[in-house]
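Chain residues, written in single-letter form:
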Protein chains: 2
Amino acid sequence: MSNTSILLAEDDPNLGMLLSKFLRAKGFSCTLAVDGEIAYQEFTNNAYDFVILDVMMPKKDGFAVAKDIRGIDKETPILFLTAKSMKEDKLKGFELGADDYLTKPFSMDELIARVNAILKRTNTKEENHLYPIHHYLFDYNTRILSFQGNEQKLTTKECELLKILAQNIGKEVDRNDLLKAVWGDDNYFNGRSMDVYITKLRKYLNQDEKVEIVNIHGKGFKLMVK
Amino acid sequence: MSNTSILLAEDDPNLGMLLSKFLRAKGFSCTLAVDGEIAYQEFTNNAYDFVILDVMMPKKDGFAVAKDIRGIDKETPILFLTAKSMKEDKLKGFELGADDYLTKPFSMDELIARVNAILKRTNTKEENHLYPIHHYLFDYNTRILSFQGNEQKLTTKECELLKILAQNIGKEVDRNDLLKAVWGDDNYFNGRSMDVYITKLRKYLNQDEKVEIVNIHGKGFKLMVK
DNA sequence: ATTCTCTGTTAAAGAAAGTTAAATAATTCC
DNA sequence: GGAATTATTTAACTTTCTTTAACAGAGAAT
């Protein structure tokens, strides 16, 4: 990851400058917005990897900014700063999609620790594994294979198998490679098991005439779109 | 805080004994593991407040141990010991969630200083274990899982289980790792017990359509947000 | 053509996980 | 300390997933 850019919305100029300097010293790039409206404008105009919002701000409070940001972006982590540890505030913040919450006064190290913790957490989140197979759509994460609205839930083995085939549409995948990737071992019995799964996948995929899993005798399988 | 227990993984018996004796003399309780595998086993079986890992060890190196530990625990501080000051090693260690890094040779006092510094940092921030799970909010400290105002008090086992799952949203958590982390032992009966708890957690989490605990057959579970 | 291996398919067996209720263990509260 | 409450485990039964078995057909080799 290169340089993480943080948008900091804090109306107190002393604290704002202090925090932004500190964040820059820690290797982040940091932009300071002095009220909620400016913060939201700033967010829409530039790409930020992280947002820190003071809850109490003039013109537009932190919650309102968060709500607007979440209206257009569900991903970017948001951390709230608040003067008092009000429970309702806390809950409200999280309902709006906040990732964490820090009560003033807090130490600089604490802030960094939180920011890093959130970044670690959100970065490790699996990316979208979406595989379009002609008119089908296979979502590896949710394990759903959908075709014109109707959804088929796939099992673990079905998913693993289809994922590899879908990653190689039109290309032959070696039988033993498939076995090793999905079963970990390419012995005879796993091979027979895989054949059963190929049959199952073919059944799921037979709604679309143009989609087919073909066998290359003695070699492997190929998912193809005609 | 009572007695801080340190897990030390060091394959050199001389250095290992020396360090563990020294740490004990400084008021810590210290367990010495002579290789990476034993270290990880030890970690899963007992509660440790701090982990010191030699990078180069037989069977399982320090990085591998750290990776496995972070698979089930994101909190416990990890300090690496390494022979040479390789920059890549350093980076790799930090990516795996290390808290600090010490290059051999180092003085005993230096080690103590680092350990104390990390403990101070991690302890003083009175860790707020708040885990947002889409529209749910799980507070590990108060053991409350809340959803739009209504709160569900969780039991110990429910909490431990949910914590690990929540720390790994979108990522598969190995069944045996979960068992070792929560029950201390991954035998069959604990497994059945865990299945019962998974059912309970699913019931708590079924108010939000987008939140789901999915099973990866023969592997483990995954808490996911669709 | 015959034989052999590889794949296709279906059904049944086996294993893992889901669920509910009852039994046991641990806490809390008088 | 003992009853009541709560937490956890065990048990029993169900469902789902995966493997194995059995048989049939296709393709390659002899």
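All figures in this text were calculated on a predicted structure; none of them were measured in a lab.

### A look at the overall build of chain A
Each helix and strand in chain A was counted, giving eight helices and 12 strands. For chain A, the C-alpha radius of gyration of 25 Å lies well beyond 17 Å, the compact-globule estimate for 226 residues. Looking at chain A residue by residue over its 226 residues, the buried ones come to 47%. For chain A, the computed accessible surface area is about 11500 Å², with 50% contributed by carbon and sulfur atoms. Taken together, the 32 basic and 34 acidic charged side chains of chain A have centroids lying 4 Å from each other.

### A look at the sheet that holds strand 12 (residues 220-225) of chain B
All names here are of chain B. The three strands are arranged 10-12-11 in an open sheet whose pairing can be described as antiparallel. Strands with a single pairing partner mark the edges of an open sheet, and in this sheet they are strand 10 (172-174) and strand 11 (211-216). Sheet twist, expressed as the average angle between the axes of neighbouring strands with direction ignored, equals 25 degrees. Bridge count between strand 10 and strand 12: three bridges; the pairing is antiparallel. Looking at strand 12, one finds that D174 is bridged to G220. Along the sheet, helix 7 (residues 175-182) contacts strand 10 and strand 12; its crossing angle with strand 10, the most-contacted strand, is approximately 65 degrees.

### Overview of the domain arrangement of chain A
Domain annotation for chain A reports domain 1 (5-126) and domain 2 (129-225). Distance from the C-alpha centre of domain 1 of chain A to the C-alpha centre of domain 2 of chain A: 43 Å.

### Some details on the sheet that holds strand 10 (residues 172-174) of chain A
All names here are of chain A. Overall, antiparallel pairing links the three strands, which are arranged 10-12-11 in an open sheet. Strands at the two margins of the open sheet, each flanked by one partner only, are strand 10 and strand 11 (211-216). Sheet twist, expressed as the mean angle between neighbouring strand axes with direction ignored, is 25 degrees. Bridge analysis of strand 11 against strand 12 (residues 220-225) gives six bridges, and the strand direction is antiparallel. Of the residues in strand 12, the one forming a bridge with I213 is L223.

### Some details on the protein's contact with DNA strand D
Around DNA strand D sit 22 residues, and of these T155, W183 and S193 of chain A together with T155 and W183 of chain B come closest. Near-protein atoms of DNA strand D (within 4 Å) split between backbone and bases, with sugar and phosphate holding 73%. Here K157 of chain A contributes a backbone N or O atom positioned 3.2 Å from a phosphate oxygen of DNA strand D. Note that a phosphate oxygen of DNA strand D is positioned 2.8 Å from one of the side-chain N or O atoms of W183 of chain B. Going through the elements one at a time, helix 6 (156-167) and helix 8 (188-204) of chain A together with helix 6 (156-167) and helix 8 (188-204) of chain B are the ones with two or more residues in the surface near DNA strand D.

### Considerations on the packing of aromatic side chains
Residue and element names in this part refer to chain A. Here the structure, examined in full by the defined rule, presents 12 aromatic pairs over all chains. Taking 5.1 Å as the distance between ring centres and 70 degrees as the angle between the ring planes, the aromatic pair formed by F63 and F80 counts as edge-to-face. Here the residue F63 occupies a position in helix 3 (residues 62-72), and F80 occupies one in strand 4 (residues 78-82), the gap between them amounting to 17 residues. Under the relative-accessibility criterion, F80 is labelled buried at 0%. For the pair Y131 and F138, a centre-to-centre distance of 5.9 Å together with 25 degrees between the ring planes defines the contact as stacked. Residue Y131 is classed as buried on the basis of its relative accessible area of 11%. Chaining the aromatic ring pairs together yields one cluster made of Y131, F138 and Y140. Over the ring of Y140 we find K163; its NZ or CZ atom is 4.2 Å from the centre of that ring. The aromatic ring of Y197 is capped on one face by K200, whose charged end is 4.7 Å from the ring centroid.

### Side note on the side chain of E10 of chain A
Relative to the elements of secondary structure, E10 of chain A occurs in the loop between strand 1 (5-9) and helix 1 (13-25). With sequence-adjacent residues up to four places away left out, E10 of chain A is seen in contact with L15, G16, L32, A33, V34, D54, M57, L81 and K104 of chain A.

### Overview of the packing of helix 6 of chain B against helix 8 of chain B
All names here are of chain B. As a packed pair, helix 6 and helix 8 sit with axes 10 Å apart at the nearest point and diverge in direction by 75 degrees. The orientation of helix 6 relative to helix 8 falls into the category roughly perpendicular. Residues K157, E158, L161, L162 and L165 of helix 6 pack against M194, Y197, I198, K200, L201 and Y204 of helix 8. Its residues assigned to classes, the contact of helix 6 with helix 8 shows eight nonpolar, no polar and three charged.

How each quantity is defined
- Along each chain, residues carry numbers from 1 onward, in the same order as the chain's sequence is written.
- For naming, the first written chain is A and the first written ligand is 1, with later ones following in the order written.
- Local features in a predicted model are, by the rule used here, given only for residues with pLDDT of at least 70; side-chain atom pairs are given and counted only at 80 or more, and totals for whole chains, interfaces and linings are based on all residues.
- Each side-chain value is derived from all of the structure's non-hydrogen atoms; neither hydrogens nor water enter the calculation.
- Each helix is a run of H or I in the DSSP string that is no shorter than four residues. Each strand is a run of E no shorter than two, and both are numbered from the N terminus.
- Taken over C-alpha atoms, the radius of gyration is set against a globule rule of 2.2 Å times the number of residues to the power 0.38.
- Any residue under 20% of the maximum accessible area for its type is buried, any over 50% is exposed, and the rest in between are partly exposed; the area is computed with a 1.4 Å probe on protein chains only.
- Areas reported as accessible are Shrake-Rupley estimates using a 1.4 Å probe. Residue values count occlusion only from the protein chains shown.
- Asp and Glu are treated as the negative residues and Lys and Arg as the positive ones, with His and the ends of the chain left uncounted.
- By convention, the point assigned to a charge is CZ for Arg, NZ for Lys, CD for Glu and CG for Asp.
- The rule for pairing is simple: two strands pair if DSSP sees at least two bridges between them.
- To obtain each axis, a line is fitted to C-alpha atoms, and for helices this fit is confined to the stretch in contact; angles are then taken between N-to-C directions over 0 to 180 degrees.
- Contacts were defined at the residue level, with two residues in contact if any of their heavy atoms lie within 4.5 Å.
- How far each domain reaches was decided by an automatic or database domain assignment.
- We call a residue near a given molecule or strand whenever any one of its heavy atoms falls within 4 Å of it.
- Think of a polar contact as two N or O atoms within 3.5 Å of one another; within protein, one of them needs to be a possible hydrogen donor and the other a possible acceptor, and neighboring residues in sequence only count if both atoms come from side chains.
- Pairs were defined over the aromatic rings of Phe, Tyr and Trp, the Trp ring being its six-membered one, requiring ring centres within 6.5 Å. Orientation was assigned from the angle between planes: stacked under 30 degrees, edge-to-face over 60, tilted for the rest.
- Only lysine NZ and arginine CZ atoms are considered, and such an atom sits over a ring when it is within 6 Å of the ring centre and within 35 degrees of the ring normal.
- With respect to orientation, any angle under 35 degrees is reported as roughly parallel, any angle over 145 as roughly antiparallel, any angle of 65 to 115 as roughly perpendicular, and every other angle as oblique.
- Just so you know the grouping, Ala, Val, Leu, Ile, Met, Phe, Trp, Tyr, Cys and Pro go in nonpolar, Asp, Glu, Lys and Arg go in charged, and all remaining residues, Gly too, go in polar.

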